Amino acid sequence: MQMIVSLVLMVPSWAVSSRRLHDTNHSGWLILLCLTIVGAIPVIIWWAQPGVTTDNQYGPPPRS
């Protein structure tokens with residue numbers, strides 16, 4: 001049962017993480033760095049950074 005719940009929650013978690021990386025002007029594919037311990041460190045730092053306030057290659061900021 002726990003495995004099913006984990007799989008169901010994994011996709012929305014990746015979507016939110018990818019959107020957050022886009023807010024900081026990084027590619028959503030960088031979420032795959034979290035599959036390694038060392039790669040998770042920069043991703044956590046990017047999540048903690050404030051989003052850009054101007055348009056970027058991923059579109060306008062969420063709150064204009």
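Everything in this summary refers to the structure shown in the same document. Model, not experiment: these values are computed from the prediction. (Residues numbered from 1 in each chain as written. Predicted model: local features only at pLDDT ≥ 70, side-chain atom pairs only at ≥ 80, totals over all residues. Heavy atoms only, no water.)

## Structural notes on the overall build of the protein
Right, on to step 1. When its secondary structure is counted, the protein shows two helices and zero strands.
Right, on to step 2. In terms of its C-alpha atoms, the protein occupies a principal-axis envelope of roughly 45 × 25 × 15 Å.
Right, on to step 3. Every one of the 64 residues in the protein was classed for burial, and the buried ones make up 20%.
Right, on to step 4. Long-range contacts, defined as pairs at least 24 residues apart, comprise 48% of the intrachain contacts of the protein with a sequence gap of at least 6. (Helix = DSSP H or I, 4+ residues; strand = E, 2+ residues; numbered from the N terminus. Buried < 20%, exposed > 50% of the residue type's maximum accessible area, 1.4 Å probe, protein only. Contact = heavy atoms within 4.5 Å.)

## Here we look at unusual backbone geometry
Right, on to step 1. The phi dihedral of Asn-25 is positive, around 65 degrees, even though this residue is not glycine.
Right, on to step 2. Along the chain, the position of Asn-25 falls in the loop between helix H1 (2-23) and helix H2 (37-48).

## Re H1
Right, on to step 1. Helix length check: H1, at 22 residues, gives a terminal C-alpha distance of 31 Å against a target of 32 Å (1.5 Å per residue), a fit within 8%.
Right, on to step 2. Within H1 the residues assigned to the buried category are Ser-17, Ser-18 and Leu-21.
Right, on to step 3. Considering only its buried residues, H1 is in contact with H2.
Right, on to step 4. Asn-25, located one to two residues past H1, shows a positive phi value of around 65 degrees. (Expected span 1.5 Å × (residues − 1).)

## Here we look at the packing of H1 against H2
Right, on to step 1. Running from N to C, H1 and H2 cross one another at 65 degrees; their axes reach a closest spacing of 9 Å. Classed by the angle they form, the pair H1 and H2 counts as roughly perpendicular. Regarding H1 and H2, the two cross each other, and that crossing is left-handed. Residues Ser-17, Arg-20 and Leu-21 of H1 touch H2, and the partners they reach there are Trp-46, Trp-47 and Ala-48.
Right, on to step 2. Classifying every residue of the contact of H1 with H2 by side-chain character gives four nonpolar, one polar and one charged. (Axes fitted to C-alpha atoms, helices over the stretch in contact; angles between N-to-C directions. Parallel < 35°, antiparallel > 145°, perpendicular 65-115°, else oblique. Left-handed = near helix turned anticlockwise from the far one by under 90°. Nonpolar A, V, L, I, M, F, W, Y, C, P; charged D, E, K, R; others polar.)

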